[in-house]
Protein chains: 2
Amino acid sequence: MSRGQDLTIGIDVGGTKILAAVVDRHNRILGRAKIATPAAQGETALLAAIVGCLEEALREAHTNIEQVESIGVGCPGPLDTKAGVVLSSANLNVQHFPLGPELARVTGRPVLLENDVRMGGYGELKLGAGRDYDDLLIVFVGTGIGGCLVLDGQVRSGATGNAGEIGHTPIKPGGAKCGCGNRGCLEAYASRSAISRRIVKQIRRGQPSILRAKLAKLDQPARLKSKDIQAAFELNDPVVREAVERSAHRLGLALGGMINVLAPQRVILGGGIVEALGESYIDLVRASARRQAIADPAAVVEIVASQLGDDAGALGAALWSREHQHRHAPPASNFPVTEQPAFIEP
Amino acid sequence: MSRGQDLTIGIDVGGTKILAAVVDRHNRILGRAKIATPAAQGETALLAAIVGCLEEALREAHTNIEQVESIGVGCPGPLDTKAGVVLSSANLNVQHFPLGPELARVTGRPVLLENDVRMGGYGELKLGAGRDYDDLLIVFVGTGIGGCLVLDGQVRSGATGNAGEIGHTPIKPGGAKCGCGNRGCLEAYASRSAISRRIVKQIRRGQPSILRAKLAKLDQPARLKSKDIQAAFELNDPVVREAVERSAHRLGLALGGMINVLAPQRVILGGGIVEALGESYIDLVRASARRQAIADPAAVVEIVASQLGDDAGALGAALWSREHQHRHAPPASNFPVTEQPAFIEP
């Protein structure tokens with residue numbers, strides 16, 4: 001076990017699950033925990049769930065909060081990262097929630113809050129498929145589609161603070177309605193939600209599918225899980241194959257367009273759909289991307305799978321908090337450290 | 001007049017015209033010339049035309065080649081910029097043409113060859129609408145659509161050498177056929193060629209337009225000039241307005257998607273169509289871009305007109321050759337300087 005404050009905790013707060021990882025100086029995960037996000041229960045329940053997850057990860061690692069130097073949290077936004085505030089999050093059902101200061105108060109440790117997708121990208125950059133590269137486009141395909149842009153080895157936030165937001169690339173103007181209010185965004189065609197909607201639509205049209213029985217049971221049929229889609233895809237279910245191929249094609253086209261403009265060294269694909277469907281899905285994406293990427297005739301830009309899987313966000317957040325604390329220690333006013341750490345015991 | 005080798009020449013070689021500018025140390029244009037590109041006549045005619053244009057610019061500037069330190073040439077590609085070779089260019093009708101070495105031999109001056117769009121972007125970055133900015137997406141809308149990506153004050157070429165190639169962003173998969181072989185690229189919807197095709201199509205369908213008579217005379221009706229489109233647009237010709245609005249909308253959507261991912265400080269719009277149609281066109285582009293740019297809710301990314309007009313490419317090429325010569329003097333073997341400069345007199 002490590003001595004002193006040698007450990008960092010990374011927490012990945014998602015709309016469906018929270019992951020925490022206790023990470024040592026060598027970027028090894030000593031303990032991890034995963035719990036369901038209490039998405040409908042508001043701030044207090046969310047904070048308690050995060051703290052509970054963190055405590056479980058500490059127990060798994062056979063250590064305690066005294067050994068922890070800092071905590072990094074990746075969270076959907078928009079965020080005020082300086083103040084550590086979640087400005088709003090539809091998935092988490094919170095508004096102006098000071099998650100950073102609250103978690104710092106409860107744990108007695110400095111907390112850094114950052115965009116969840118960016119933290120996943122940072123994980124891949126430092127420890128995953130981006131390890132030996134400087135220029136990356138990292139795309140996570142899950143419930144939605146998120147992206148992280150890395151140039152010259154740095155995660156870019158850009159003039160808006162939100163660079164990398166690839167989910168709302170227009171792929172079919174006037175097409176499918178997107179959660180953002182526009183029509184025809186990539187996310188409306190290539191996210192898990194979009195694939196699910198397509199499957200439901202085709203089954204309702206009378207197409208035969210092994211998911212028909214499963215969908216009859218679900219009250220929210222558009223919420224098929226990645227593993228359901230995976231099982232049917234691997235069994236060559238025609239409805240699921242068509243839906244997956246269609247979404248992979250659209251994603252590939254969008255990525256081909258991005259390769260033309262950005263010319264990164266690698267495009268890294270991660271997230272639930274990519275984890276579930278694997279290389280045969282990536283092959284479909286790659287084929288469409290290659291055709292569209294006319295500015296890369298020699299195919300120098302690689303399109304590869306992420307390497308950290310579910311751990312990318314938590315690992316990235318842990319590293320981010322360690323590295324950025326050393327560079328820019330958060331002011332005590334933002335991240336109060338109580339004299340007697342008020343760490344909530346289970 | 002400047003003394004010594006204080007001047008630089010920038011040449012912008014396009015598919016329809018060649019521009020040359022003699023530029024002094026203060027980036028003032030002392031003389032410029034413009035001639036039609038002998039696009040169908042091969043290498044020798046092209047070289048002679050470039051030299052002729054250069055000589056005319058020198059006469060306009062009341063100077064001579066002795067005062068010139070270096071020559072920068074912006075040219076459509078693909079290029080081997082190191083060797084100064086145009087690998088192929090459909091617009092210029094040449095293959096493996098060693099334009100750099102040939103022009104260096106004829107003028108006795110070192111020549112740097114670079115992508116024409118990138119040189120236009122470099123001009124805007126250094127002397128135009130990008131002067132006080134570091135992160136830019138510069139888009140030229142003309143016969144085709146070209147782009148130049150500037151990040152941290154540097155023109156990026158990326159892993160492919162071709163970063164910035166925005167014309168082949170997919171905007172309507174399966175849609176209009178593009179010159180690149182794909183369908184639905186931005187260039188197939190928003191270039192001058194695309195606008196012209198739309199106008200012709202609508203007129204053939206029987207829509208009334210003041211361009212009907214003009215089109216009857218043209219043997220290549222898809223080659224409407226920007227000024228023809230401009231005149232009809234300003235007269236509120238319904239066919240032309242619809243075609244322009246449609247193309248501006250598509251361009252705006254694509255730019256909105258790029259703003260989401262890149263988050264540059266500014267998007268700069270230039271090229272023949274933008275010069276001709278002006279702010280009312282940019283307003284149309286801006287409106288669609290804003291709606292799509294959901295990652296820029298505060299509208300911090302400005303979409304503005306280029307400031308150098310037709311001179312952007314020649315100015316950029318002049319600056320590029322001056323600055324890069326000092327940094328990386330081209331090897332004598334690539335850019336031979338003859339003892340007695342074999343400068344062709346008119």
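Look up: the structure comes first, before these words.
The residue numbers shown here count from 1 along each chain, following its written sequence. A letter from A marks each chain and a number from 1 marks each ligand, given out in the order of writing. Only residues with pLDDT of 70 or above have their local features reported here, since the model is predicted, and side-chain atom pairs are shown and tallied only from 80 upward, although totals for entire chains, interfaces and linings are computed over all residues. Neither water nor hydrogens contribute to the side-chain values; these are computed over all heavy atoms in the structure.

This part takes up the interface of chain B and chain A. Contacts are assigned to residue pairs that have any heavy atoms within 4.5 Å of one another. Each partner contributes to the interface: chain B provides 42 residues, whereas chain A provides 42 residues. Carbon and sulfur atoms supply 61% of the area buried between chain B and chain A, which totals about 3200 Å² over both sides. The salt bridge criterion pairs a side-chain nitrogen of Lys or Arg with a carboxyl oxygen of Asp or Glu, the two atoms within 4 Å. Counting the contacts that link chain B with chain A gives 4 salt bridges. The partner of B:Asp152 in a salt bridge is A:Arg156, with the nearest N and O atoms 3.1 Å apart. A run of DSSP states H or I qualifies as a helix once it reaches four residues; a run of E qualifies as a strand once it reaches two. Both are numbered from the N-terminal end. At the level of secondary structure, the elements contributing two or more residues to the side of chain B that touches chain A comprise strand E10 (145–151), helix H8 (238–262) and helix H9 (272–292) of chain B. Counting residues per element, the side of chain B that touches chain A draws most heavily on H8(B), which supplies 8 residues. Across the side of chain B that touches chain A, the residue classes break down as 22 nonpolar, 12 polar and 8 charged. The term buried area refers to how much accessible surface (probe radius 1.4 Å) is lost by two components on association, counted for both of them together. Gly falls in the polar group here, along with every residue not listed as nonpolar (Ala, Val, Leu, Ile, Met, Phe, Trp, Tyr, Cys, Pro) or charged (Asp, Glu, Lys, Arg).

With that settled, consider the environment of A:Gly144. Residue and element names in this part refer to chain A. Mapped onto the secondary structure, Gly144 falls in the loop between strand E9 (136–141) and strand E10 (145–151). Along the chain, Gly144 and Ala190 lie 46 residues apart, while their C-alpha atoms are 8.3 Å from each other. With near-sequence residues (within four places) excluded, Gly144 lies in contact with Glu187 and Ser191.

What follows covers the pattern of salt bridges. Side chains bearing opposite charge may pair, as long as their charged atoms lie close to each other. Residue and element names in this part refer to chain A. In this structure the tally under the stated criterion is 33 salt bridges over all chains. With its nearest N and O atoms 3.7 Å apart, the salt bridge here joins Arg25 to Asp6. Within this pair, whereas Arg25 is found in the loop between strand E2 (17–23) and strand E3 (29–36), its partner Asp6 is found in the segment before strand E1 (7–13), the two being separated by 19 residues in sequence. The classification of residues rests on relative accessible area computed with a 1.4 Å probe and restricted to protein chains. Under 20% of the type maximum is buried, over 50% is exposed, and intermediate values are partly exposed. Of the residues examined, Arg25 reaches a relative accessible area of 33% and is grouped as partly exposed.

On to the sheet that holds strand E5 (residues 79–80) of chain B. Residues and elements named next belong to chain B. Across the sheet, 3 strands lie side by side as E5-E6-E7; this open sheet has antiparallel pairing. Whereas interior strands pair on both sides, the edge strands pair on one side only; in this sheet they are E5 and strand E7 (94–97). DSSP-based pairing: two strands are paired if at least 2 bridges between them are found. Sheet analysis places strand E6 (residues 85–89) next to E7, joined by 3 bridges and oriented antiparallel. Each bridged residue has a counterpart across the sheet, and for Ser88 the counterpart in E7 is Gln95.

Residues and elements named next belong to chain A. Orientation is described by lines fitted to C-alpha atoms, with helices fitted over the stretch in contact, and by angles between N-to-C directions that extend from 0 to 180 degrees. At their nearest, the axes of helix H8 (residues 238–262) and helix H9 (residues 272–292) sit 7 Å apart, and the two run at 50 degrees to each other. Judged by the angle between their axes, H8 and H9 are oblique. The element H8 and its partner H9 pack so that their crossing is right-handed. Here H8 contributes Val244, Glu245, Ser247, Ala248, His249, Leu251, Gly252, Leu253, Leu255, Gly256, Gly257 and Asn260 to the contact with H9, which in turn contributes Leu277, Tyr281, Leu284, Val285, Ser288, Ala289, Arg291 and Gln292. Tallied by class, residues from the contact of H8 with H9 come to 10 nonpolar, 8 polar and 2 charged. Each angle gets one of four labels, with under 35 degrees taken as roughly parallel, over 145 as roughly antiparallel, 65 to 115 as roughly perpendicular, and the rest as oblique. Each crossing is labelled by how the near helix is turned from the far one, with a counterclockwise turn of less than a right angle marking it left-handed and a clockwise turn marking it right-handed.

This next bit is on the side chain of A:Thr160. Tracing the backbone shows A:Thr160 in the loop between strand E11 (154–155) and helix H4 (187–190). Any pair of N or O atoms that falls within 3.5 Å is considered a polar contact. Within protein, one atom must be able to donate a hydrogen and the other to accept it, and sequence-neighbouring residues count only if both atoms are side-chain atoms. Within the local environment of A:Thr160, its side chain forms a polar contact with the backbone nitrogen of A:Asn162, the two atoms lying 3.0 Å apart. If we skip the residues at most four places from it in the chain, A:Thr160 touches B:Ala263, B:Ala295, B:Asp296, B:Val300 and B:Val301.

Residue and element names in this part refer to chain A. The pairing test for Phe, Tyr and Trp rings, Trp by its six-membered ring, is centres within 6.5 Å, and the orientation test on the planes gives stacked under 30 degrees, edge-to-face over 60, and tilted for anything in between. Summed over all chains, the structure comprises 2 aromatic pairs over all chains. Plain terms: the ring middles of Tyr122 and Trp320 are 4.8 Å apart, the flat faces sit at 90 degrees to each other, and that makes the pair edge-to-face. With Tyr122 in helix H3 (residues 116–127) and Trp320 in helix H10 (residues 312–327), this pair connects stretches of sequence that are 198 residues apart. You'll find Tyr122 and Trp320 in the same group, each marked buried.

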